[in-house]
Amino acid sequence: MSSSTGLDSARAGGDAPAQRRRSLPLVGGGEAGRRAAAIPYRDGVRGAPSAHAGPAPRSVRISVTDRCDFACTYCRPSRHDGYTDGRLMTPAWRTMFEALRDAGIRRVRLTGGEPLLHPEIVSIVASLAALGFEDLALTTNASQLARLAAPLRGAGLHRLNVSIDTLDPSRFREVTRGGELARVLEGIDAAIAAGFSSIKLNTVVLRGVNDDEIERLALWAWERRMVPRFLEVMPIAEGARLVGEHLVTAAEMRARLAEHLLPEEAVSDPGLGPARYVRARRDPSLRVGFITGTSDTFCESCDRLRVSSTGVLRPCLATDDGVDASREARAGDPAAIQRRLDEAWRLKPDGKVWKGCTEETASAVSIRAIGG
């Protein structure tokens, strides 16, 4: 992003806010990604307290591809940061899914990269639906959703999360490094028409970049009966370069929406992630969610496992530790994958003392490669 295409000039002809908006810094060079790629997988956890005493894994986030057509500044160092070799093919994924179900996983979320770039994503959803998982969700940037919303719903996908950080087209292009807001909005419209049981919008709030849109995004989502969710930028991967200047805490976000919200305690949806929700004052059937991770971590209650696009079972987003189960997946051996899963879960940090993405190891993780 050059200064000639910064947010200030992009907003000059529109509804520019009173204060001067800052362009996002060009966080690049790929150093965090290179560090992460150089760290081997081990049998022990580097610097993370082990002997995890929390719940057994009940949910999994599966990165079906590390490819993405956006390059959001808090996620990727650039559009040219390279991709991973050795991704699992669909037959291996089906073995992985069977193993996860048999190991007691009940909730699945598909992520990327951008999962809708996978050429067989509809077939993958159908395979998961056939296995009887109680909750099947997907996170997307919605660039491909206009053509895929109805097929995904027909294949058995229950819920959608759409990442959208701004409703301003010029600002959107800057934050995503080239994304087209119009395509995302078309995708959201198609998702609403397809009748998913839940559509949530995820917005990473960055001070001086899009924090002036919190109210606008919430009201826009509520008009469409969707659930807006506002996320703190976390010091993981490229986000580590942004937290110092751009962090807006969940408490501040809620304060900015106070006139629209009931004066009640924020509560989570049991088993559905760390977000905490508050109801809308004008219509209590509407809610807004807040996700911390920087000002307040939630490791102690974490029951989440992650699977990378190359078949590595990862017990924590904030480290590069994991157990490679790709050979077992390609061999069609779900029982062997379960044994590897047990190994991976023993690596999960002790959430009573481990503080997730605020730990030093988090800055070296490639969030695009394993799914946020």
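Here, the structure is the one placed above.
Quick caveat: nothing in here was measured; it's all calculated off a predicted structure. (Residues numbered from 1 in each chain as written. Predicted model: local features only at pLDDT ≥ 70, side-chain atom pairs only at ≥ 80, totals over all residues. Heavy atoms only, no water.)

Undergrad: Requested: an account of unusual backbone geometry, with residues and values cited.
TA: Glycine aside, residues mostly have negative phi, and peptide bonds are mostly found in the trans state. The linkage connecting G112 with the following residue, G113, adopts the cis geometry, with an omega of 10°. Mapped onto the fold, G113 is located in the loop between β2 (107-111) and α4 (121-130). For R177, which is not glycine, the phi torsion reads 55° and is therefore positive. In this structure, R177 sits in the loop between α6 (169-176) and α7 (181-194). In the Ramachandran plot, R225 falls in the positive-phi region, its phi being about 60° despite a non-glycine side chain. If you trace the backbone, R225 turns up in the loop between α8 (214-223) and β6 (227-232). For R225, a relative accessible area of 52% translates into the label exposed. (Helix = DSSP H or I, 4+ residues; strand = E, 2+ residues; numbered from the N terminus. Buried < 20%, exposed > 50% of the residue type's maximum accessible area, 1.4 Å probe, protein only.)

Undergrad: Explain the sheet that holds strand β5 (residues 198-205) residue by residue, including any values.
TA: Taken together, 12 strands build an open sheet; the order of strands is β7-β8-β9-β6-β5-β4-β3-β2-β1-β10-β11-β12 and the sheet is mixed. A single partner strand is all that each edge strand has here, and the edge strands are β7 (267-268) and β12 (323-324). One ladder, built from 4 bridges, connects strand β3 (residues 135-140) with strand β4 (residues 159-163); its direction is parallel. From the neighbouring strand, T139 faces β4, where its bridge partner is N161. (Pairing = 2+ DSSP bridges.)

Undergrad: Explain the packing of aromatic side chains to me, and be specific about the residues and the numbers.
TA: Under the criterion given, the structure shown has 3 aromatic pairs. Considering the side-chain rings of F70 and F172, the 5.7 Å spacing of their centres and the 85° angle between planes classify their relative orientation as edge-to-face. Linking F70 in the loop between β1 (59-63) and α3 (90-102) with F172 in helix α6, this pair joins segments that are 102 residues apart in sequence. Owing to a relative accessible area of 7%, F70 belongs among the buried residues under this scheme. Ring centres 6.5 Å apart and planes at 35° place the aromatic pair F230 and F290 in the tilted group. Taken together, the residues span a long stretch of sequence, with F230 in strand β6 and F290 in strand β9 (residues 287-291) at a distance of 60 residues. The residues F230 and F290 share a single accessibility class, namely buried. One Lys or Arg, R287, reaches over the ring of Y277 and ends 4.0 Å from the middle of that ring. (Phe/Tyr/Trp six-rings, centres within 6.5 Å; stacked < 30°, edge-to-face > 60°. Lys NZ or Arg CZ within 6 Å of the ring centre and 35° of its normal.)

Undergrad: Explain the packing of α3 against helix α12 (residues 334-346) to me, using residue names and the numbers behind them.
TA: α12 packs onto α3 with a crossing angle of 60° between their chain directions and a minimal axis gap of 8 Å. Viewed along their axes, α3 and α12 adopt a mutual orientation that is oblique. α12 is crossed by α3, and the crossing has right-handed handedness. Across from T95, M96, E98, A99, L100 and D102 in α3, the residues of α12 making contact are P334, I337, Q338 and L341. Each residue belonging to the contact of α3 with α12 can be placed in one class, and the counts come to 6 nonpolar, 2 polar and 2 charged. (Axes fitted to C-alpha atoms, helices over the stretch in contact; angles between N-to-C directions. Parallel < 35°, antiparallel > 145°, perpendicular 65-115°, else oblique. Left-handed = near helix turned anticlockwise from the far one by under 90°. Contact = heavy atoms within 4.5 Å. Nonpolar A, V, L, I, M, F, W, Y, C, P; charged D, E, K, R; others polar.)

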